[in-house]
Amino acid sequence: MKSLMVSLAGVAVLSAAACASALQGSGSLVTEQQAPAAESTSSIELHENLLTLDAHLDTPALFHRDGYDFSKRGSFEADRTNVDLPRLQSGKLDGGFWVIYTAPGPLDEASYIAARTSAILRQAAIRELAAKYADSVELAFAADDAARIHEANKIVVFQSMENAYPLGEDITLLQTFYVGGLRMLGLVHFDSNQFADSSTDDPLHGGLSELGKDLVREANRLGMIVDASHASDDALRDMMEVSSTPVILSHSGPDGVFEHARNVPDDLLVQLAESGGVVHVNAFGGYLEDLQPTPERSAALEALNEEYGNNFAEMTDAEINAYRAARIALEQQYPSPRSTFDKYIEHLLYTLDLVGVDHVGIGADWDGGGGVDGMADVSDVPKITAALLTAGYSRADIEKIWSGNVLRLMRDVEAAKTATLVSPDVLN
Ligand SMILES: [Zn+2]
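Nothing here was measured: the structure is a model prediction, and the numbers come from that model.

Chemist: Would you explain the coordination of the zinc ion in this entry?
Modeler: Note on metal sites: the ideal angle is 109.5 degrees for four tetrahedral donors, and 90 or 180 degrees for six octahedral donors. Binding of the zinc ion to the protein goes through E162 (OE), H230 (NE2) and H251 (NE2), at separations of 2.1 to 2.2 Å. One chain supplies every donor to the zinc ion, and in sequence these donors are spaced E-x67-H-x20-H. Of the two residues, H230 is situated in the loop between β6 (225–227) and α12 (233–242) and H251 in strand β7 (residues 248–254); the sequence distance between them amounts to 21 residues. Exposure class is identical for H230 and H251. Each is buried.

Chemist: What should I look at first to understand the packing of α12 against helix α13 (residues 266–274) in this one?
Modeler: To characterise two packed helices, one gives the angle between the axes of the helices and the distance between these axes. Where α12 meets α13, the closest approach of the two axes is 11 Å, and the angle between their N-to-C directions is 15 degrees. Relative to α13, α12 is oriented roughly parallel. In terms of crossing hand, the pair formed by α12 and α13 is left-handed. Side by side, α12 and α13 meet where D233, L236, R237 and M240 of the first sit next to L268, Q271 and L272 of the second. Partitioning the contact of α12 with α13 into residue classes produces four nonpolar, one polar and two charged.

Chemist: So what exactly am I meant to see when it comes to the environment of I126 here?
Modeler: Structurally, the position occupied by I126 is in helix α8 (residues 109–132). Accessibility expressed as a relative area gives 1% for I126, which makes it buried. Each C-alpha atom, one on I126 and one on F63, is 8.0 Å from the other, the two residues being 63 residues apart in sequence. Once you skip the residues sitting within four places of it in the chain, I126 turns out to touch P60, F63, W98, V99, I100, L139, V157 and Q159.

Chemist: Explain the environment of A300 here, please?
Modeler: Tracing the chain through its elements places A300 in helix α15 (residues 295–308). Under the relative-accessibility criterion, A300 is labelled buried at 16%. For the pair A300 and L330, spaced 30 residues apart in sequence, the C-alpha separation works out to 7.2 Å. When residues no more than four places from it in sequence are discounted, the contact partners of A300 are L330 and Y334.

Chemist: Before we go on, may I ask you to explain the packing of aromatic side chains in this structure?
Modeler: Here a ring pair, both rings aromatic, is described through the centre-centre distance and the interplanar angle of the planes. What the rule picks out here adds up to eight aromatic pairs. The interplanar angle of 70 degrees and the centroid separation of 5.5 Å between the aromatic rings of Y112 and Y165 together place this pair among those described as edge-to-face. With Y112 in helix α8 and Y165 in the loop between β4 (155–162) and α10 (173–179), this pair connects stretches of sequence that are 53 residues apart. When sorted by exposure, Y112 lands in the same class as Y165, which is buried. One aromatic cluster is present, formed by F63, F70, W98 and Y133 through successive ring pairs. R80 extends its terminal NZ or CZ atom over the ring of F76, reaching a point 4.3 Å from the ring centre. Of note, R183 hangs over the ring of Y178, and the distance from its end group to the ring centre comes to 3.7 Å.

Chemist: Explain empty space enclosed by the protein to me, please; I cannot follow it from the model alone.
Modeler: Regions of empty space are outlined by a rolling probe, equal in size to a water molecule, passed over the atoms. Evaluated as defined, the whole model comprises one cavity of 30 Å³ or more. Here the largest cavity defines a volume of roughly 50 Å³. Together, S199, A228, H230, A231, D233, L236, L249, S252, A261, R262, N263 and V264 line the largest cavity. Of the residues assigned to the lining of the largest cavity, the class counts are six nonpolar, four polar and two charged.

Chemist: Where do I start with unusual backbone geometry in this structure?
Modeler: In terms of backbone geometry, most residues other than glycine have negative phi values and most peptide bonds are trans. Despite not being glycine, K92 shows a phi value in the positive range, around 50 degrees. Structurally, K92 can be placed in the loop between α7 (85–91) and β2 (95–101). A relative accessible area of 35% places K92 in the partly exposed class. With a phi angle near 90 degrees, N163 is a residue other than glycine that sits in the positive phi range.

Chemist: How should I be thinking about the nonpolar core in this particular structure?
Modeler: Most often, soluble globular proteins have nonpolar side chains that are buried together. With 87 residues, the main nonpolar core has F70, W98, L187, M239, Y344 and I384 as its most contacted residues. Ranked by the residues each element gives to this core, the list is headed by helix α17 (residues 341–355), at six residues. In terms of nonpolar packing, the next biggest core, distinct from the first, is built from 18 residues, L51, L53, I149 and L409 among them.

Rules behind the numbers
- Residues numbered from 1 in each chain as written.
- Predicted model: local features only at pLDDT ≥ 70, side-chain atom pairs only at ≥ 80, totals over all residues.
- Heavy atoms only, no water.
- Donors = N, O, S within 2.8 Å, 3.2 Å for Na, K, Ca; no water.
- Helix = DSSP H or I, 4+ residues; strand = E, 2+ residues; numbered from the N terminus.
- Buried < 20%, exposed > 50% of the residue type's maximum accessible area, 1.4 Å probe, protein only.
- Axes fitted to C-alpha atoms, helices over the stretch in contact; angles between N-to-C directions.
- Parallel < 35°, antiparallel > 145°, perpendicular 65-115°, else oblique.
- Left-handed = near helix turned anticlockwise from the far one by under 90°.
- Contact = heavy atoms within 4.5 Å.
- Nonpolar A, V, L, I, M, F, W, Y, C, P; charged D, E, K, R; others polar.
- Phe/Tyr/Trp six-rings, centres within 6.5 Å; stacked < 30°, edge-to-face > 60°.
- Lys NZ or Arg CZ within 6 Å of the ring centre and 35° of its normal.
- 1 Å grid on protein atoms, 1.4 Å probe; cavity = no way out; pocket = protein on both sides within 12 Å on 5 of 7 lines; lining within 4 Å.
- Points joined across faces, edges and corners; volume = space filled by probe spheres on them.
- Core = buried A, V, L, I, M, F, W, Y, C linked by side-chain atoms within 4.5 Å.

Listed below in structure tokens is the structure:
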């Protein structure tokens, strides 16, 4: 018995229950190897062995925030954050696409220049983080980097941009961000901008502007994934038509479970999948179900907005820090209604049924408002793997969802790229 146990150890990661039942049966190795993954592998062991990437990590917005320390474990309850190194490590979230976010602003030259400065500094902050924690974190520039960095026990840091607004009307600036490591480009945020209509604003162009179409072609040329999260339905259609490579939705959900401007109609999700794209399912509560704030919370939010305004682009760092402190206090006194982990999994499984396992990923909007009761931060993401196993998905399926699909898309984009630029780091 003991020698058989030893010989089995290298065959597969086995749960005690599956091991015992196999030995009570024929006792042959063949039977053991043919046992279905869902029965023979515990979800925690499976999760630990997967490469897990989230397509939209808003955490770089915290890097210069007072009181935030990437190396120290925070908690959603205490500071409303979702991601830091200890929680990434305990949740075995191996990294993903770290976001250069810029708030929408006026479509004029002076505002573009201010936004450009802020975006360049945000990219610098991501690169500084990787340098500061070089033992634990590494910048990634190509799909193949992800597995290598994961095997070295480090967190994978791809860069994406949420809102191309800071590029102004000079799309050659995208090349500067590419050289700094940018590999995914979201064109728009809550407000329609010079490139694209937003799903949450009145349309300016009926989809993409001509400049927006040029920007998609420039992203294709450089080798950047085009991200349609936050884009209007017409802008998503235009992106799929113009882009020479499949489009991603880095943090979006299906209208089929809950109709919302930030969710995407089912027929468009199917079209995205048929063109090779991937939808990374969002865990932002207000997009998962209808959550109504209490009158007390609404009144407190209104008072906060009156005190600080809501034009972050024009606020100083000190003002933003003061606003955030006041906002955290408000969240603790009048918590927003929360969606649940079960509701998130309902969206995820629905999307899987709709478009198939080759076209779904995870993009929970961590530190951008994502998180639900039962999955408050990245330390809880092993629950996603467990829920997928329970739903009957195989190890191979779950690996696609956690990283295989986005890396396949990235390889498509790399293969289609026609520019010969490389990041300085690649030359090292
Ligand atoms: Zn977003």
